[in-house]
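Tertiary structure, described
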Amino acid sequence: IRWTAAGAALAVAAALLVVVGPAEAGSAHTATGHRWITDDQGRALVLTGLNTASSAKSRPDGLPWIKEADVQRESDALGSDFVRFLIQWRNVEPKPGQYDDGYLAQVAERVRWYGARGYRVMLDLHQDVYGPKVKGNGAPEWATENEGLPVAEQGQWELKYIEPGTVRAFDNFWGTRTASRDLRAHYAAAWAHVAARFADDPAVLGYDLMNEPFGGSVQGPAFEAGPLAALYRQAIAAVREVDHDSWIFVEPEAVSTNWGLPSALPYLKDPRGDGQDARIAYAPHLYPLPMDLGGGYTGDAEKWVDRTLTSWREQAEKTAERLGAPVLIGEYGLDTTLPGALRYVAKVRAMADGMGAGTAYWSNDPGSWAPWDQNLKPTALLPVLDRPEPRAIAGDPVAYAWDEPSRTLSVSWRPAEGVRGDTEVYLPARFYPRGGVVAGDGSAGAWDANSRTLHLTSGSGGTVSVRITPRA
Ligand SMILES: CN(C)c1ccc(C(=O)NC[C@H]2N[C@H](CO)[C@@H](O)[C@@H]2O)cc1
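Calculation notes
- Residues numbered from 1 in each chain as written.
- Predicted model: local features only at pLDDT ≥ 70, side-chain atom pairs only at ≥ 80, totals over all residues.
- Heavy atoms only, no water.
- Phe/Tyr/Trp six-rings, centres within 6.5 Å; stacked < 30°, edge-to-face > 60°.
- Helix = DSSP H or I, 4+ residues; strand = E, 2+ residues; numbered from the N terminus.
- Buried < 20%, exposed > 50% of the residue type's maximum accessible area, 1.4 Å probe, protein only.
- Lys NZ or Arg CZ within 6 Å of the ring centre and 35° of its normal.
- Salt bridge = Lys/Arg side-chain N within 4 Å of Asp/Glu carboxyl O.

Before going further, it helps to examine the packing of aromatic side chains. Inspection of the entire model under this criterion finds 19 aromatic pairs. Relative to Y400, the ring of W36 has its centre 6.4 Å away and its plane inclined at 55°; by these criteria the two rings are tilted. One end of the pair, W36, is in the loop between α1 (5-17) and β1 (44-45); the other, Y400, is in strand β12 (residues 396-403), with 364 residues separating them in the sequence. Residue W36 is classed as buried on the basis of its relative accessible area of 9%. For Y400, a relative accessible area of 4% puts it in the buried group. Geometrically, the ring pair formed by F173 and W174 is edge-to-face, given 4.9 Å between the ring centres and 85° between the ring planes. Among the aromatic side chains, those forming a connected cluster through ring pairs are W89, Y130, W142, W157, Y161, F170, F173, W174, Y187, F214 and F223. The aromatic ring of W372 is capped on one face by R73, whose charged end is 4.8 Å from the ring centroid.

Structure representation (C-alpha cells):
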C-alpha cells in the first residue's frame, strides 16, 4: 500500500460511511452508559492531562525532557490530574531477559513527581514504527528481526510503517513469520517486570500495553482479533500474576481507528474478575485524517473533521461497550497554529465530556503542538486546555458540560451505594478568579484555593444537578 492523498481520502470516505448518525449528548452512550475508572472512595474519575513525552522516544535514556519543576508548572497552569507517561521497551529490557532496574528507578522518580501533586500515572510502553533499528522508537535492537530488509527514510514519518524492513520486524514480532525467539513472550514478561515494580505505587493508575499497534502484513480485523488480541491476553495474564489491581489499557489498531473506522478488538477477559471487578480500559487515539490532509479546522476540512468526530465517537463507544470498558482518549492533538485548531481542541474536550471519557493531549513537548513554547511560555493552547472540569464524581455520573459563553459548568450525578466523599470540580482562575457559586441541588462544600477545587456534597435525594458560575 502506498499512502497517497487519494488513498487516504478514500479511507476517510469509508470511515464516514459507517456513521450511523451522531451520538447525541444525553444518548444512552453518555456518562451513565458505561463503566468508570473509580478511586478508592468509589468516585468516578474524569482524568485530564498530557502525554509526557515525545522526547522519550529518541533520548538514549528513554526518559522525558521534564524536571520536577515542569510538573509543578503544569499543575499550576492546567490543574491537570493525569499523565500518559511514555516508557521504552529498549530501556526496560536492553538485552533478552535482562531488565534495567536503574531505568525503572528513574521512571519511578518521575512518577513520584506527579504523585506528589495528585496526578495519576498511566505507563505507556510506547512504539512508533517498531524501534530504532527500523527508524522508529520502542523495541530493542535484539527484538527487531527485519532480516536485513531496508527501511528508507520518508518525507512523512508514517510511511516508514510500510517499508519492507518494518513490516518484516512486525511480522516476526506478531508471529506472522517464525522469528528466532518468541518476542511476544518477551514483551509480556517485560510488562510483568514493570508491573511488579509499580504494583504498589499509589500514583500509578495502570499500564497502556502498546502504543498504536500495527499488524505488519496483517491488517484490520484479522490483526486485531488475531495476533493483537492474543498478545493482549498474554500481557494481561502476565501483569495480573504480579499486579491484581492496576488498570490495564488496550489500544486498537491505530491506522484505522485514529480516523474513526471501526475496531474489531474483541472482549478481553480480566483474570481479576468480570463486570465491575474487571479493570480493562479502552484507550483509543483521535487524529481525524481530513485535518492531516486539509491542514486545519476550517471550511471543508472542518465539515469533514466534524463527520470524522461523529464516526470516531460512535465507533469508540461501540468498542468500549463490547469490552465493558471505560474510555480514555490516550492521544489527541495537532499543530495549534493551524487555522481553527483551538476550536477543534475545545470540540474534542466537549465530545469527551459527552462520552464520559478521560483525555491525554499529545503532547507536553514544548512547541507548536504544546501548551508552552520552546521558552516554556504559554501558547494559545494553554487557556483552551485549562478549562473547568469535574475531577471526581461521588456517584454515577449522568452528564457534565462546560459552557464558556455563560461561564457555567454543569454537573449531574446519581449518588450511589458505597460511594464516599464529595464531588470535586476544578475551577481555573481564568474563569473563576474568586471561586464558584453553586445553583441547583447539593451545596458547595470547602473551596480549596490551592488546588482550585470546589467540593459538592450529594445531599440525600436522587439525582443531583448543579450549575457552577463565577463568584462576583
Ligand atoms: C501508517 N500508520 C500505522 C500510522 C499512521 C499515522 C499514525 C499517526 O498519525 N499517529 C498519531 C500520533 N501518535 C504518535 C505517538 O503515539 C505520534 O507520533 C503521532 O503524531 C500512526 C500510525
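Applying the stated criterion to the full structure yields 28 salt bridges. Here R84 ties to E331 by a salt bridge, and the two come within 2.7 Å at their closest N and O atoms. Note that R84 is positioned in strand β3 (residues 82-87) and E331 in strand β9 (residues 328-332), a separation of 247 residues in sequence. For E331, a relative accessible area of 3% gives the class buried. Measuring nitrogen to oxygen at the nearest pair gives 3.1 Å for the salt bridge that ties R112 to E109. Placement of both R112 and E109 in helix α4 (residues 101-115) is noted, with a separation of three residues, approximately one turn of the helix. If you follow the salt bridges from partner to partner, you end up with R84, D124, D208, E251 and E331 in one network.

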